[in-house]
Amino acid sequence: MATVILPRSLVSLIPGTQRSTDVEAATVAEAIDRLDEQTPGIRNRLIDAGPMIRQHINVYVDSQPAALDTPIGPNSTVHIIPAVSGG
Amino acid sequence: MTRTMLLVGTSKGAFILDGDADRASWSIRGPLCEGWPIHDLQWDPATRSIYAGGGSIWYGPAVFRSDDLGETWSHSSEGLTYGDDGPKVPTVWNVTPAHGAIFAGVEPAGLFRSDDGGANWSHVAGLREHPSRPGWQPGAGGLICHTIVPHPSDAEKMWVAISAVGTFATEDGGTTWEARNRGVLACFAPDPYPETGQCVHKLVMAAGQPDRFYQQNHCGVFRSTDGTQSWEDVSKGLSSEFGFVFGAHPRDPNTGWVIPLSHPEEGRFAPGGSLAVWRTRDGADSWERHGDGLPQQDAFVGVYREALAVDRLDPVGIFFGTSTGQLYGSTDEGERWTRLAENLPPIWGVEAVALD
């Protein structure tokens, strides 16, 4: 099972989510689909038209920048991190 | 006992000001809606729900809903999309309940509706199918559908305002739309009276007269008495033709309020640093300035398009927020003003709700 680490702001926004969740998935897209099955609405917050990861959301698989089709291994860690911005 | 609740959208979340029966004492709740940038909040009297429209730079657009006067909120953007091949929707600019549905105006300019209280949305595609759409150009705030005016009794009729495109009307429930900008000046364009391309900032319907409209535009204040088929400039007497807001009296079709701002290329703030609300009592034939209680020097503040609201009490209360986070109110129809809050984030939207 891969582990998905969600940002605090997303956990606060969507009741039922947790900072760390284990999922069975072969790609980033599948991991997000699994999360959306558990807590509907989370996919819309992370994926924009295209489909593609929202412009200001960064996803890393095992610390490497990732896209929706990036493969995930059974022991992978997926970090979902809002881009740094100010104002 | 009736009390007023102010719904305030800011760049860093929604806030609610709870007033007492005299509208003299206020307490502030917030930030709400997870601190998201919120352009507009509206009250649905049919369900006693609050709707808030906005968008997060990270998580996209959303309409928030509260059924308990702002204590708890849900949110959705399900269906707020032009599809995988269409442009991305970053934010919601307007939410308007009407005839059992909820409508949302978004960026880039388009209209969505929800028939289940905001949980799911569908695109009202007819607006973006207007033949002028390839030529739509953004204003300084983006290409945005920022105003939605439903007909009070006929669900087939609706008006929307888009910057910098103009006013559109439908009479068939949104299937087809017609540009309604005849007589509206586009002072920044080579052709000053095009079919579309006007920069309307706020559109309102006069109380009890569905054929009478007012708009505050980039290039002046305009009035229509024929259901927006034609417009005339009624800016004469104002300190500036530029501004964003227009507040319509809830019962008197001849009374309204605007806040002129300095020339769009000269700051867009209170002219001369002296803040004032201007009122008409004669259908915009003439205007009177009211600055009592407002800062009269060194007040280089702006007031954005959704940031003025009127309540339904007698006398009417008027409330507005500034681009620098001050909130002002008047309970005598705009003659004397009091500062209700002074350190909010930049205020984008204000709505006044009279609660029984």
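The coordinates are above.
Here's what I pulled together on the structure shown here. (Residues numbered from 1 in each chain as written. Chains lettered and ligands numbered in written order. Predicted model: local features only at pLDDT ≥ 70, side-chain atom pairs only at ≥ 80, totals over all residues.)

**Topic: the overall build of chain A**
The number of helices and strands found in chain A is three helices and seven strands. Going from the N terminus to the C terminus, chain A shows its helices and strands as β-α-β-α-α-β-β-β-β-β. Taken against the 2.2 N^0.38 rule, which gives 12 Å for 87 residues, the C-alpha radius of gyration of chain A at 12 Å falls within 12% of a compact globule. Counting over 87 residues, chain A shows a buried share of 32%. In chain A, 48% of the contacts between residues at least 6 apart in sequence involve partners at least 24 apart. (Helix = DSSP H or I, 4+ residues; strand = E, 2+ residues; numbered from the N terminus. Rg over C-alpha atoms; globule rule 2.2 N^0.38 Å. Buried ≥ 20, exposed ≤ 12 C-beta atoms within 10 Å, placed from the backbone. Contact = placed C-beta atoms within 7 Å.)

**Things to note about the nonpolar core**
Counting 101 residues, the largest nonpolar core has Val 8, Ala 52, Ala 104, Val 160, Leu 308 and Phe 320 of chain B as the members making the most contacts within it. Not counting residues within four places of it along the chain, the set of residues in contact with Ala 52 of chain B comprises Gly 9, Ala 14, Cys 33, Ile 38, Leu 41, Val 63, Phe 64 and Val 95 of chain B. Listed in part, the 24 residues of the second largest apolar core include Ala 2, Ala 31, Ile 32 and Ile 47 of chain A. (Core = buried A, V, L, I, M, F, W, Y, C linked by C-beta atoms within 7 Å.)

**Side note on the environment of Ile 38 of chain B**
Residue and element names in this part refer to chain B. Its location among the elements puts Ile 38 in strand β4 (residues 38-44). Accessibility expressed as a C-beta count within 10 Å gives 33 for Ile 38, which makes it buried. A sequence separation of 293 residues divides Ile 38 from Thr 331, and the C-alpha atoms of the two residues are 26 Å apart.

**Points about the pairing of strand β22 (residues 277-280) of chain B**
Residues and elements named next belong to chain B. Here β22 shows a buried face lined by Val 277 and Arg 279 and a second buried face lined by Trp 278 and Thr 280. Strand direction decides the pairing type here: strand β21 (residues 256-258) and β22, joined by three bridges, are antiparallel. Counterpart to Val 258 in the pairing with β22 is Trp 278. Pairing of β22 with strand β23 (residues 288-290) involves three bridges; the strand directions are antiparallel. Each residue of the ladder has a partner; that of Trp 278, found in β23, is Arg 289. (Pairing = 2+ DSSP bridges.)

**Let's talk about the sheet that holds β21 of chain B**
Strands sit in the order β20-β21-β22-β23 (chain B) across an open sheet of four strands; the sheet is antiparallel. Each end of this open sheet is capped by a strand with a single partner; those strands are β20 (247-248) and β23 of chain B.

**Observations regarding the interface of chain A and chain B**
Each side of the interface is counted separately: chain A has 15 residues, and chain B has 14 residues. Every element with two or more residues in the side of chain A that touches chain B is listed here: α1 (8-13) and α3 (42-46) of chain A.

**Here we look at unusual backbone geometry**
A cis amide bond links Gly 50 of chain A with the next residue in sequence, Pro 51 of chain A, at an omega value of -10 degrees. As for its position among the elements, Pro 51 of chain A is in the loop between β3 (47-48) and β4 (52-53). Going from Glu 107 of chain B to Pro 108 of chain B, the amide bond is cis rather than trans, its omega being -10 degrees. Note that Pro 108 of chain B resides in the loop between β9 (101-107) and β10 (110-114). Of note in this structure, Ala 284 of chain B is not a glycine but carries a positive phi near 80 degrees.

**Notes on the pairing of strand β17 (residues 209-217) of chain B**
Residues and elements named next belong to chain B. In terms of strand pairing, strand β16 (residues 200-206) meets β17 through six bridges, oriented antiparallel. Across the sheet, the residue bridging to Val 200 is Asn 217, located in β17. Joining the antiparallel neighbours β16 and β17 is a turn of two residues, in which Gly 208 adopts a positive phi near 70 degrees. Here β17 runs beside strand β18 (residues 220-224); their pairing, made up of five bridges, is antiparallel. The residue of β18 that forms the bridge with Phe 213 is Ser 224. Between β17 and β18, which pair antiparallel one after the other, the connecting turn spans two residues.

**Considering helix α2 (residues 28-38) of chain A**
Three or four residues apart is the spacing at which side chains of an α-helix point the same way, because the helix has 3.6 residues per turn. All names here are of chain A. By the burial criterion, the buried members of α2 are Val 28, Ala 31, Ile 32 and Leu 35. Buried positions in α2, seen along its axis, are confined to an arc of 95 degrees and lie on one side of it. The inward-facing, buried residues of α2 abut β1 (2-5), β2 (20-23), α3, β3, β5 (57-61) and β7 (77-82). (Arc of directions from axis to C-beta.)

**Examining the sheet that holds strand β25 (residues 318-321) of chain B**
Two strands in a sheet stick together by hydrogen bonds in their backbones, pointing the same way (parallel) or opposite ways (antiparallel). All names here are of chain B. Here we have four strands laid out as an open sheet, ordered β24-β25-β26-β27, and antiparallel in their pairing. The sheet terminates laterally at β24 (308-310) and β27 (338-341), the two strands that pair on one side only. With direction set aside, neighbouring strand axes in the sheet form an average angle of 25 degrees. The pairing of β25 with strand β26 (residues 327-330) spans four bridges and is classified as antiparallel. Of the residues in β26, the one forming a bridge with Gly 321 is Leu 327. (Axes fitted to C-alpha atoms, helices over the stretch in contact; angles between N-to-C directions.)

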